[in-house]
Amino acid sequence: KENAALCDQVFRLQEKIIGLKEERIFLLKKAYQLESSAKHSTEFTEQNFHKNLTSQNIQKSAAVKKKNDYINESIKAKTKKNVNPTVKRKTLVPVPVDSSGLPVFPVNLGSLSVHSLGEIITDRLTFHDEDLIYPVGFCSTRVYGGLSDPTSPCIYTCMILDGGNMPIFEIASDTDLETSISGDDINIVHSELLKKINQVVGVEVVNTRGRGADFFGISHPTVMNLLQSSPGIKKCIKYKMTKFEINRSGEPYIEENDASLRFESLQRSIAFTRSHLEDMDQQETLDSTTTLRDLLGST
């Protein structure tokens, strides 16, 4: 009987163990299924999150780009509206005018004085270019170094004459009326004057690169503004209009410090060059004396 009871007890324990194993297997399967489902759900949620975030960033970037493009286009449109690339800006000096609003001559601009603007020629293209007008009858005077003595002031008369197909530019000295320099190239005419100055001094005291338009004064902003206000200017098809700004600072007009244009600058250049040459001569004399002494001492 005891053996039978033990066998029954063992059998029941085995059944219980088998049931627990099956329950354990069921629970493990369930846990695995829940874990897989949760992992898949998390991955799906992360994918959706990144997808939505990327979509939002793209939309935001597109909106920012659209806004920037709009701003850039507005700036470009405003720039095109306010700035004309063919119009240059220069500052001019106000000139006295009469009761009719016409300038009172001569127009004094430092060492340059303009006595007549002349007449703008519209039927010949060689009498203007993109930057300058060459009116026939234009007359100005400038104080500069004389041809006989560049250290003394001289008044040069600059005129633009009608040469037919080309304008003729002439520079004449008031101290040597028989000698004038003329030609159809304004820069070459000015360059010839500078070469004569160097020849008289005996050494190069000024750069001979011609600046004829500046010497005559037709490139001066005030003169250009007066010419642009003259009749016929719109018929000069090659000329590009220049936009001027009036000098309202109240500061006096200061001429360009160039030895090829100003008498005072030329004098400084002459004095400096001569002083430099004298120093070189003294140094050469000193070197020669020292060499002679060395030779005598060695003997």
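Residues numbered from 1 in each chain as written. Predicted model: local features only at pLDDT ≥ 70, side-chain atom pairs only at ≥ 80, totals over all residues. Heavy atoms only, no water.

- By the naming in an unreviewed UniProt entry, the protein is FYR N-terminal domain-containing protein, taken from Pediculus humanus subsp. corporis.
- Regarding the protein, the UniProt comment filed under Subcellular location (unreviewed entry) reads as follows: "Nucleus". (UniProt positions renumbered as here; feature names shortened; annotations may be inferred.)

**Thoughts on the overall build of the protein**
Argument step 1. Along the backbone of the protein there are 5 helices and 8 strands.
Argument step 2. Listed N to C, the secondary structure of the protein is α-β-β-β-β-β-β-β-α-α-α-β-α in terms of helices and strands.
Argument step 3. Buried positions account for 29% of the 299 residues belonging to the protein.
Argument step 4. Residue pairs in contact within the protein that sit at least 24 positions apart in sequence constitute 57% of those at least 6 positions apart. (Helix = DSSP H or I, 4+ residues; strand = E, 2+ residues; numbered from the N terminus. Buried < 20%, exposed > 50% of the residue type's maximum accessible area, 1.4 Å probe, protein only. Contact = heavy atoms within 4.5 Å.)

**What to know about the pairing of strand β7 (residues 180-183)**
Argument step 1. Taking every second residue as pointing to the same face, the buried face of β7 carries Ile181 and Gly183, while none of Ser180 and Ser182 on the other face is buried.
Argument step 2. Across 4 bridges, strand β6 (residues 167-173) lies against β7 in antiparallel orientation. Pairing of Ala172 across the sheet is with Ser180, part of β7.
Argument step 3. Counting the residues in the hairpin turn of β6 and β7 gives 6 residues. (Pairing = 2+ DSSP bridges.)

**Observations concerning the environment of Thr126**
Argument step 1. Relative to the elements of secondary structure, Thr126 occurs in the loop between β3 (112-116) and β4 (139-145).
Argument step 2. The class for Thr126 is partly exposed, based on a relative accessible area of 33%.
Argument step 3. C-alpha separation for the pair Thr126 and Lys238, spaced 112 residues apart in sequence, amounts to 9.8 Å.
Argument step 4. Every residue in contact with Thr126, bar those within four places of it in the chain, is listed here: Tyr134, Asn165, Met166 and Pro167.

**Looking at the pattern of salt bridges**
Argument step 1. Within the structure shown, the criterion is met by 7 salt bridges.
Argument step 2. Here Asp123 ties to Arg124 by a salt bridge, and the two come within 3.5 Å at their closest N and O atoms.
Argument step 3. Residue class for Asp123 comes out exposed when judged on its relative accessible area of 64%.
Argument step 4. A residue is classified by how much of its surface remains accessible, and Arg124, at 24% relative accessible area, is partly exposed.
Argument step 5. Put simply, Arg124 and Asp162 hold a salt bridge, and the shortest N to O gap is 3.0 Å. A residue pair is termed long-range when its members are at least 10 positions apart, and Arg124 in the loop between β3 and β4 and Asp162 in strand β5 (residues 153-162) qualify at 38 residues.
Argument step 6. Asp162 sits in the partly exposed class, given a relative accessible area of 42%.
Argument step 7. Shared partners join several salt bridges into a network, and the residues in it are Arg211, Asp214, Glu256 and Asp258. (Salt bridge = Lys/Arg side-chain N within 4 Å of Asp/Glu carboxyl O.)

**Considering the pairing of β5**
Argument step 1. Summarising the sheet, β4 and β5 pair through 7 bridges and their orientation is antiparallel. In the strand pairing of β5, Cys139 is matched with Met159.
Argument step 2. Of the strand pairs in this sheet, β5 and β6 are connected by 7 bridges, and their pairing is antiparallel. The partner of Asp162 across the bridge, within β6, is Pro167.

**Considerations on the sheet that holds β7**
Argument step 1. Spatially, β2-β3-β4-β5-β6-β7 is the arrangement adopted by the 6 strands of the open sheet, whose pairing is antiparallel. The open sheet has two edge strands, β2 (107-109) and β7, and neither has a second partner. Taken pair by pair, the neighbouring strands of this sheet meet at an average axis angle of 20°, ignoring direction.
Argument step 2. Examined bridge by bridge, β3 and β4 share 4 bridges and lie antiparallel to one another. In the strand pairing of β4, Ser116 is matched with Cys139.
Argument step 3. In this fold helix α2 (residues 186-201) packs onto β4, β5, β6 and β7, with an angle of close to 150° to the strand it touches most, β7. (Axes fitted to C-alpha atoms, helices over the stretch in contact; angles between N-to-C directions.)

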